[in-house]
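One letter stands for each residue in the lines below.
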Amino acid sequence: MQITETKVKVSDLCKNYSDDGDDGVYGYDGRLCIRPEYQRSFVFSDKQRNAVIDTVRKGFPLNIMYWNKTGDDTYEILDGQQRTISLGQYLNGDFAIKIDGNDKFFHNLTDTEKQQIQDYELTVYVCEGTEEEKLEWFKVINIA
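All figures in this text were calculated on a predicted structure; none of them were measured in a lab. (Residues numbered from 1 in each chain as written. Predicted model: local features only at pLDDT ≥ 70, side-chain atom pairs only at ≥ 80, totals over all residues. Heavy atoms only, no water.)

Turning our eyes to something else, we now look at the sheet that holds strand S6 (residues 75-79). Reading across the sheet, the 7 strands line up as S1-S9-S5-S6-S4-S3-S2 and stay open at both edges, with mixed pairing between neighbours. Strands with a single pairing partner mark the edges of an open sheet, and in this sheet they are strand S1 (2-9) and strand S2 (18-19). Bridge count between strand S4 (residues 32-33) and S6: 2 bridges; the pairing is parallel. By the bridge assignment for S6, Cys-33 is matched with Glu-76. Running at roughly 120° to S6, helix H3 (residues 81-91) makes contact with S2, strand S3 (25-27), strand S5 (65-69), S6 and strand S9 (121-128) of the sheet. (Pairing = 2+ DSSP bridges. Helix = DSSP H or I, 4+ residues; strand = E, 2+ residues; numbered from the N terminus. Contact = heavy atoms within 4.5 Å. Axes fitted to C-alpha atoms, helices over the stretch in contact; angles between N-to-C directions.)

On to the environment of Gln-2, then. Within the secondary structure, Gln-2 sits in strand S1. Placed 128 residues apart in sequence, Gln-2 and Thr-130 show a C-alpha to C-alpha distance of 9.9 Å. Leave out the neighbours within four places in its chain, and Gln-2 touches Val-126, Cys-127 and Glu-128.

Ranked by internal contacts, the top residues of the largest apolar core, which has 31 residues, are Val-10, Leu-32, Trp-67, Leu-87, Tyr-90, Ile-117 and Leu-122. When contributions to this core are tallied by element, the ones reaching two or more residues are helix H1 (10-13), helix H2 (46-57), S5, S6, H3, strand S7 (97-99) and S9. Considering every element that reaches this core, the biggest residue donor is H3, with 4 residues. Ile-117 has contacts with Val-10, Val-56, Arg-57, Tyr-90, Leu-91, Phe-106 and Leu-109, leaving out every residue within four places of it along the chain. Counting 5 residues, the second largest nonpolar core, distinct from the first, contains Tyr-66, Leu-78, Phe-138 and Ile-141. (Core = buried A, V, L, I, M, F, W, Y, C linked by side-chain atoms within 4.5 Å. Buried < 20%, exposed > 50% of the residue type's maximum accessible area, 1.4 Å probe, protein only.)

Phi at Asn-16 is positive, roughly 55°, even though this residue is not glycine. Located in the positive-phi region is Asp-100, a residue other than glycine, with phi close to 55°. Considering the arrangement of structural elements, one finds Asp-100 in the loop between S7 and strand S8 (102-104).

Glancing now at the environment of Pro-36. One can find Pro-36 in the loop between S4 and H2. Overall, the relative accessible area of 3% leaves Pro-36 in the buried class. Separated by 79 residues in the primary sequence, Pro-36 and Gln-115 place their C-alpha atoms 29 Å from one another. Beyond its immediate stretch of four places on either side in the chain, Pro-36 contacts Glu-76, Ile-77 and Gln-81.

This next bit is on the packing of H2 against H3. The packing of two helices is summarised by the inter-axis angle and the distance between the axes. For the pair H2 and H3, interaxial distance at closest approach is 9 Å and the crossing angle is 75°. In this view, H2 runs roughly perpendicular relative to H3, as classed from their interaxial angle. Across the interface between the two elements, Arg-49, Val-52, Ile-53 and Val-56 of H2 pack against Arg-83, Ser-86, Leu-87, Gln-89 and Tyr-90 of H3. Of the residues contributing to the contact of H2 with H3, the split by class is 5 nonpolar, 2 polar and 2 charged. (Parallel < 35°, antiparallel > 145°, perpendicular 65-115°, else oblique. Nonpolar A, V, L, I, M, F, W, Y, C, P; charged D, E, K, R; others polar.)

Attention now moves to the packing of aromatic side chains. According to the stated counting rule, one finds 6 aromatic pairs in the structure shown. With a centroid separation of 5.0 Å and 70° between ring planes, the pair formed by Tyr-28 and Trp-67 is classed as edge-to-face. Taken as a pair, Tyr-28 in the loop between S3 and S4 and Trp-67 in strand S5 lie far apart in primary sequence, 39 residues in all. Tyr-28 sits in the buried class, given a relative accessible area of 15%. Arranged with centres 5.4 Å apart and planes meeting at 50°, the rings of Trp-67 and Tyr-75 form a pair that is tilted. Here Trp-67 and Tyr-75 have matching classes, each one buried. Put simply, the rings of Tyr-28, Trp-67 and Tyr-75 pair up and form one aromatic cluster. The ring of Tyr-28 is capped by Arg-31, whose NZ or CZ atom sits 4.1 Å from the centre of that ring. Over the aromatic face of Phe-95 sits the side chain of Arg-49, whose NZ or CZ is 3.6 Å from the ring centroid. (Phe/Tyr/Trp six-rings, centres within 6.5 Å; stacked < 30°, edge-to-face > 60°. Lys NZ or Arg CZ within 6 Å of the ring centre and 35° of its normal.)

Written out as structure tokens, the structure reads:
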């Protein structure tokens with residue numbers, strides 16, 4: 001198994017974010033399958049989802065994400081699905097968060113606030129290997 005660390009800006013992660021329900025959730029300009037078949041459909045509560053946005057907004061570290069390389073420039077999420085969906089939905093305008101007691105959708109933020117979120121860099125480990133190695137790694141990261 002080869003694991004490579006990379007940095008991905010939120011703006012790149014959420015480029016052309018789409019959630020077509022059972023037909024799939026995609027981001028990273030259509031190159032990242034956010035909800036692969038083997039992933040559970042669990043979605044963060046509003047409190048958890050808002051905490052992801054608040055973490056990014058304040059520039060605090062967000063947990064590492066793991067992607068599985070599926071092609072030359074295509075991937076699927078091994079770990080980080082809920083965090084990714086939270087970011088995609090927020091930038092897509094699907095929900096607001098409380099800031100200083102006010103509901104703020106992404107489009108209601110100042111240009112500086114928007115840019116700070118979009119420029120935030122996520123740490124992503126891209127995994128390449130056999131199906132058996134990837135399955136074993138998936139089990140490890142979901143236990144650890």
